[in-house]
Each structure stands twice: as C-alpha cells, then as structure tokens.
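Each chain is listed here by its residues.
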Amino acid sequence: MSSLLSLRNLTKAYPGVVANDNVSLQIAPGEIHALLGENGAGKSTLVKMIYGLVKPDAGEMQIHGAPFAPVEPRAARAAGVGMVFQHFSLFDALSVAENIALGMENAPRLRDLSRRIREVSDTYGLPLAPDRIVGDLSAGERQRVEIIRCLLQKPTLLIMDEPTSVLTPQEVEILFETLRKLSAEGTAILYISHKLEEIRALCDTATILRLGKVVGECIPRETTARDMAEMMVGKVLSTPSRAGVMPGPTMLSLHKLSLPSSTAFGLPLREISLELRQGEILGIGGVAGNGQDELLAALSGEIRAPAGMLHLKGQDIGGLGPNPRRVLGLLAAPEERLGHAAAPGMSLTENAMLTGAAREGLETGGFLNWQAAQGFAENIIDAFDVRTPGAENAAGSLSGGNLQKFVIGREVLQRPEVLVVNQPTWGVDASAAAAIRQALLDLAEGGAAVIVISQDLDELMEIADRFAALNEGRLSAPQPTAGLSMEQIGLMMGGAHGMEVAHV
Amino acid sequence: MDLSAINPILLIAALMSAATPILLAATGELVVERAGVLNLGVEGMMIVGAICGFAIAVETNSPLAGFVAAAAGGAALSLLFALLTQVALANQVASGLALTLFGLGLSALLGQGYVGVKPPRMGDVNLGPLAEIPVLGPIIFSHDPILYIGILFVAGVWATLKFTRVGLVLRAVGENHDAAHALGYKVVRIRTLAIMFGGALAGMGGAYISLIRVPQWTEGMTAGVGWIALALVVFASWKPWRVLLGAYLFGGIAQLQLNLQGAGVAIPVEYLAMSPYIITIIVLVILSADKSAAPGSLGRTFHASS
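Computed from a predicted structure; not experimentally measured. Residue indices follow the written sequence of each chain, beginning from 1 at its first position. The order in which chains are written sets their letters, starting at A; the order in which ligands are written sets their numbers, starting at 1. Residue-level local features of this predicted model are given only where pLDDT is at least 70; pairs of side-chain atoms are given and counted only at 80 or more, and the full residue set underlies all totals for whole chains, interfaces and linings.

Let us look at the overall build of chain A. Runs of H or I in DSSP of at least four residues are treated as helices and runs of E of at least two as strands, each being numbered from the N terminus. When its secondary structure is counted, chain A shows 16 helices and 23 strands. Whereas a compact globule of 504 residues would reach a radius of gyration of roughly 23 Å, chain A reaches 24 Å, a difference of no more than 12%. Principal-axis analysis of the C-alpha atoms gives chain A an extent of 70 × 45 × 40 Å. Exposure classes come from backbone-placed C-beta atoms, where a residue is buried if 20 or more other C-beta atoms lie within 10 Å of its own, exposed if 12 or fewer do, and partly exposed in between. Within chain A, the fraction of its 504 residues that count as buried is 48%. The quantity called the radius of gyration is restricted to C-alpha atoms. Its globule counterpart is 2.2 Å times the number of residues to the power 0.38.

Okay, structure coming up:
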C-alpha cells in the first residue's frame, strides 16, 4: 500500500532544545497510527508541523507522493489534513454552527451548514444541536464539535491530540467506534496519546518518540503496555508496591457535605458523605469539572463548611481555615501548580515556608526562621529528586513535573495525618509519576489517610483501596477497587452523556 | 420655575444631537472590544479628532472634509496604540491611558491657532416633505448628515457582527485569540484594523462636538465624553442597539438638565450637571444584569507562541 503521508528527517529546534530530531514516519490510507511519547518528547511539535502551525527547520513531508509544505493551517486543511486539538480550540460564546463555520474555508450559509452538521452527526453517531452555545456543552460534546468540524472538510488524514483525557470510558468507546468507521472509509488517523491500553485497543501501528527522536516502532496489539512504556521512558519502570495494611480508625468523615458553588462556572457540592480511615487511600475519579476543585477547596479549608458536615478525628473542622486545619494534620495539594499550589515568582524556600510554617516550626512569634525553611526546602528537593540548581530558584522556573514533585513532597514531608491531593501526577513523566505514587503509598502505609483525586483511572486503580466518582457535584458510594470493572467505573462516573454508538 | 418653557419636541430633537458624539465613539470602541482589545484612549482619540476636524474644516471651509480629517486623525492616533499593544505587546490599560494624556496634549498644541475661530456650519439634510410632518418632522427628519451616519454605523456594526463572516471572525478573535490563531486567522491584523476603525469613529465623535455641538475650539472640550463612551460599551453588554439606547439616555438627560437649569428648578446646578452620568450608569447597570459576558480575550495580550 502506498503511503498517504510520509515524513522524512523532519527537524525542528527551539532555543536550547531540539524538539524533533530527524523524525521520519509513514502513514497509509485508512491506517490508525499512534504517536507515543512522554510530555516533551516532541509529539505536539511534530503534528503542528504537519498542520502548518510550525515550520520545520529541515526535512520534507509528502502527501500522496507530492511535496507538502503547509505555511499555515489553511493550506494543510486544503491538502486534506484535519486536526482535533488537545485543548479545544473552541469559542465559548459562539454557537456550534458558528464555531464550525470558523474552521471551514468556504463556509456555507448558517442554515445550510446546520443541516450538514445534522447529517454528519447522524452518520457518525455524534449527536449535536447546531444552535447551542458551546460554553454550555460538556467536554465530550465539545470534542464532538471539533470532530464534526474536521469531518465536514472530508479529511484524508485526521490528527487527534490526546482526545480521550476528558471522556468517560463509555464516551471513549463511542469515539473509537467513530474512528474505526472513519478508518474503514479510508481516512488515516494520527492518534496521539500516552494511554497505552487505549492505543492497544485502537491503533494499527505506533511510532514512539523520546526526546525528539524516533526510538522505536511497534504493532500495539502485539506489544504489552509495559514494553511500550519502557520504550517511552527508556528505562525499566518499577511498579509501585505496597504491603497490605488493615485500615485503622476513622480519621476524616464527611456527613452530607453540601456547598453552593463559589463561582459562576463552578459546581455546587451535593450531599457528599464518606468515611476515610487510617492507612487507606481513597481514589476519587470523574470527568474534569464535576466538582473536583470544589471538593479539594472544601477539604483544605479554602471554602468553609457549615457545622456538623466535616469532622477530623471527631472534631468539627468545618469552620476552620487552611492553617488551623494544617496544624490539626489535614494537608492538601491542589491541582493547579502555578498560582494555586505554589507562587510562581517566589523561591522554593519561600514556597516551602508558605504551607510548612505551622507544622515544621518555621516561624516563631510572627518572625520567620529562614534557615529552617531553607533546610526544609532542601529536604524536599533531596527526598523527591526535584531537579533544580537550588532552593533559592523561583518556583516558576521549574518544569511542570519537577514543580509537581516539589509540591507533593512539601505536603508529604510534613507528616500529614490526612492528605488530600488533586491530580498528583498530571503532566509528570512516567518515572516521576511512579515516584509520587510510591510516596503516597508509603504515606498510607505509615498510618496516614490519603484522598487522591485524579482523572487518570489507571493511576487510581493502581494505588487506591477504594474508588468513588464525582459526577455533577455528587459522590458515588465508594467501592473497593479490587475487582471493579471499567464498565462499573464508567457508570459511577455518569456513563455516556447522551451518546450512542455509531450506526450504519 | 417655569416648566412650560421646555418644549418636548425641541428637547427630543436636541437629545439626538447631544447623544451623537458618545454614540460614534462607543460604537467604535464596541468593535475594538469585540475584537478583544481594551483601548482606554477613547478620550484622547476624540479630542485629536475634534481639533483635526476643526482645523481642516476651517482651512478648506468644508465641514465634510473636516469629518474625513477627524476620522483620519483618530485612526492615526489609534495606530500608535496598535503599534504599542499589538506589535510591542505593551499593557493595554497603561497604553490606553497614555494615549488619552498624549491626545489631550497634542490637541492643545495643534489647536493653538484656532481658539476663537468660527468653523463653517454643516447644514441639515434636506428631506423635503418629511421634515414638514408635525412632531415627527422636527424630531427625526431635520438633522445634520453626521447624526444619521452615526445611526447607520450602529445598524451596520450590528448587522456585520451578526450576519457576516467578517463579523464572525472578529468575534472569534475577541473570544479566544489562541483558538483563532490555531485556525489560521491573523489575530494581530484583525485587531489592528478594529483599533483603527474605533479610532476613526472616536475622531468623528470628537469633531461632532467641535464642529456641530459647540461649535468652536477650546482645550479639553470633550470633557470626559470618551470615558462615558467606554463605560457605555461595558454596561451595554457589548450590544450595538443597547449602546444607542444608552447614548440617547445620556444625551436626553444632559439636554433635560440644561432645560431644567434654564427653567430655574430649585435643585443645585451641580446635582443637575452630574445627573446624566449617574442615571445612565444606573440604568445600564440594571440592564446589564443579564450577565452577557465580556469577550473572552478582552484586554489580554496576544503572543503567537508556536
């Protein structure tokens, strides 16, 4: 089979880093080709070159054997390349039809366009009302807008950048049906992900990138996820291990915790009840934006709760702010590293001081003990292998993964009795993620109680003893993770939001 | 006190004229803000337009040439703002404030030879028998052409934003400039054109004050109208017809309080003089309670990081 797209020796360098180094790959018509790699491996740069957003320094691309050098996305679209972005490139205040018209070269009148949108959405089982405002749509529906926008251009190559990170397992299954149908019709798909099981289920071939270079190719169906992961990181991965601990007495209990939403786009928490026991890890899953941030804020003390809803070791802590709760042993690490968990412009020492002052004795009578704070910061840097020249560097100068290790380490080293973390390994490379997970497991083994809020279900299954899901501000009843199937988890997360499997 | 001295027909006719400078400036700023740029230099562009229009109208003895020059002057000054914020990526708030200060100073310099000069009058549009209709004739059909052009601009901006592709792209750029860039739209170019359109309309609004409302040249004669226009855009929830409503409300109360002062109402003049500002803002705050959101990228600096 002749190749649809062929890349030869593509190179792109940015100051200080070679994002792509002599990358070559071939995609045949109808092939579903996975592009695998860690954060920073150069996947995004590569597809941006194919889509005309970035110009390669060297190398050449061909489509159907003809030279292809798009100077802008328009040219790439004209050549039959469509792309669904990782961070959706949608306009919240505009309607579905207007959003789609913006991505087309010769958009028909809105009325005709609406009709075509309905046709395509029926054919591929992606229900979507053209006149709805995009800001009101769920993440899954927004992705459908992007996909339909691409499909209306009848692309021969569809690029999908991390499409499943915001979907429930059922929605993922439906997306895969759509992609398989497209592939059967001859559309090639370049699928970027780091979710290996998905790639094994969907893709025909895979190219693995590490530090901008192609380090291997494989047929995902015949390769284990572990082997692919090790090709990605270039070393043998250690699986987090834990000794079974019998859960101790209840540490934290929530009794019908209900809070109104604090912002216009926030979500209220609705009657959340749970008991967290010493030595256990409770995993809380759910599609982003279903109350994760609000729950963390309620537990950390950023939002106060009415009396009688929140107890730590039997004491009502609903009315206490973050610092009194820290003193009592309840610590938290929010999802957003820059600006929420850490102040970007301040040094690591200052950031260590910010949450560690009370428990680590870094201040006396309002005066700061800089020496002790620096010692604490250096302690975190050593224990969690944070790559930085020193504790005096600004938090904002660290890479995302390193800062995440620092933020988690800062809380873990304060010997919490209850620790709440949100997305602890988001945007962190596989070996650092494994280290963070191991630290959480060790913490639980040492007698702390841990709540891990995450969208990475594999992570939760790996480390949590019990699993619960947030859906629209409600928490499902926690279930033991052992023996829990993906289907059950999907149902706990709210199932598919009005989706159906592609018919035809 | 003699309220019967106030003629309602003349009052309404005069309010349309009083509202026109604000209407022009606010319509221009609305387009700028829908493109995602916050230009606080409206006052500066208006006053530069006022003196450019005044000077050219006096030199050429043609008010129409004056308005063309006012639009060109306002657009030229706004180009400086575009250069600062779109190319040099300077902070929009600071650049806008600087533009106002610069415009006030520049206009005072340009206007030195024109104090006390009388500009040529712009005649009213002759609408023939329409102007003869009782009540409606004097209210609607006997004004200068710029007033009608102002209303046409409101209608034109509304229709362009709602029905055309150009309007859709402009709104998209203002809503999410990163996404618009990713789709291949030229964010900086579209914004620069929007800024120049806003500058041209602000300049015309300024010239309307110096050539038709007052008509003479005094330093700082726009007297904060540009700031009201800015507030109007926000409180009108970035909707053109609400801008028209707000401008007429402001113009109406401004005119009414002048009449009340003339009629000798027993309210201190200072209260009457501040009433248009206060009432316009209160009414528009109530109107904007439906929380129509601001353009998503409003005031944010765009940098195409590839």
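What follows picks up the thread again.
Attention shifts here to the overall build of chain B. The secondary structure content of chain B amounts to 12 helices and zero strands. Starting at the N terminus and walking to the C terminus, you meet the elements of chain B as α-α-α-α-α-α-α-α-α-α-α-α. Taken over the C-alpha trace, chain B has a radius of gyration of 20 Å; the compact-globule value for 306 residues is 19 Å, and the two agree within 12%. Seen through its C-alpha atoms, chain B measures out along the principal axes to roughly 70 × 45 × 45 Å. The 306 residues of chain B split such that 47% are buried. A sequence separation of at least 24 residues applies to 80% of the contacts in chain B between residues at least 6 apart. By the criterion used throughout, residues are in contact when their C-beta atoms, derived from the backbone, lie within 7 Å.

So, on to the sheet that holds strand β9 (residues 205-210) of chain A. All names here are of chain A. What the six strands build is an open sheet, ordered β6-β7-β8-β3-β9-β10; its pairing is mixed. Two strands bound the open sheet, and with one partner strand each, they are β6 (81-84) and β10 (213-218). In this sheet, neighbouring strand axes are inclined to one another by 20° on average, regardless of whether the strands run parallel or antiparallel. Where strand β3 (residues 32-36) lies against β9, four bridges are found, and the strand directions are parallel. Note that in β9 the partner of Leu36 across the bridge is Ile208. Axis angles are defined between N-to-C directions and span 0 to 180 degrees, where every axis is a line fitted to C-alpha atoms and, for a helix, only to the segment in contact. Helix α5 (residues 139-151) rests against β6 and β7 (157-161) of the sheet, and its axis sits at about 175° to β6. Those strands touched by helix α6 (residues 169-184) are β3, β7 and β8 (188-193), and its axis lies near 145° from that of β8. Pairing between strands is defined by DSSP: at least two bridges between them are needed.

Often, the extent of an interface is quoted as the loss of accessible area on bringing the components together. Each side of the interface is counted separately: chain B has 14 residues, and chain A has 17 residues. Broken down by secondary-structure element, the contributors of at least two residues to the side of chain B that touches chain A are α7 (165-175) and α8 (177-182) of chain B. Take the side of chain B that touches chain A: its biggest share by element is six residues, from α7 of chain B. Residues belonging to the side of chain B that touches chain A are distributed by class as follows: seven nonpolar, four polar and three charged. The nonpolar class holds Ala, Val, Leu, Ile, Met, Phe, Trp, Tyr, Cys and Pro. Asp, Glu, Lys and Arg form the charged class, and all remaining residues, Gly among them, are polar.

All names here are of chain B. In the contact formed by helix α2 (residues 42-60) and helix α3 (residues 63-87), the axes pass within 7 Å of each other and the chain directions differ by 145°. With respect to the hand of their crossing, α2 and α3 are arranged in right-handed fashion. Residues Gly44, Met45, Val48, Gly49, Cys52, Gly53, Phe54, Ile56, Ala57 and Thr60 of α2 pack against Pro63, Ala65, Gly66, Phe67, Ala69, Ala70, Gly73, Gly74, Leu77 and Ser78 of α3. Of the residues belonging to the contact of α2 with α3, the class tally is 12 nonpolar, eight polar and no charged. Two helices that cross are described as forming a left-handed crossing if the nearer one is turned anticlockwise from the farther one by less than a right angle, and a right-handed crossing if clockwise.

As a further point, take the domain arrangement of chain A. All names here are of chain A. Once the domains are mapped, chain A shows domain 1 (5-233) and domain 2 (250-493). Inter-centroid distance (C-alpha atoms) of domain 1 to domain 2 is 33 Å. With 11 residues of domain 1 in contact, the opposing surface of domain 2 contributes 12 residues. Only α6 and α8 (225-233) provide two or more residues apiece to the side of domain 1 that touches domain 2. Here the side of domain 1 that touches domain 2 is built from residues that sort into six nonpolar, four polar and one charged. Annotation comment: domain bounds sourced from an automatic or database domain assignment.

Residues and elements named next belong to chain A. Residue placement: Asn379 occurs in helix α12 (residues 370-383). Asn379 gets classed as partly exposed once you count the C-beta atoms within 10 Å, which come to 17. Through-space distance from the C-alpha of Asn379 to that of Ile63 is 54 Å; in sequence the pair is 316 residues apart.

This part takes up α2 of chain B. Residue and element names in this part refer to chain B. Multiplying 1.5 Å by the residue count of a helix minus one yields the expected span of that helix. For α2, built from 19 residues, the straight-helix expectation of 27 Å at 1.5 Å per residue is met to within 8% by its first-to-last C-alpha distance of 26 Å. Extensive coverage of α2 is indicated by the burial of 16 of its 19 residues. Just beyond α2, the residue with positive phi is Asn61, at close to 60°.

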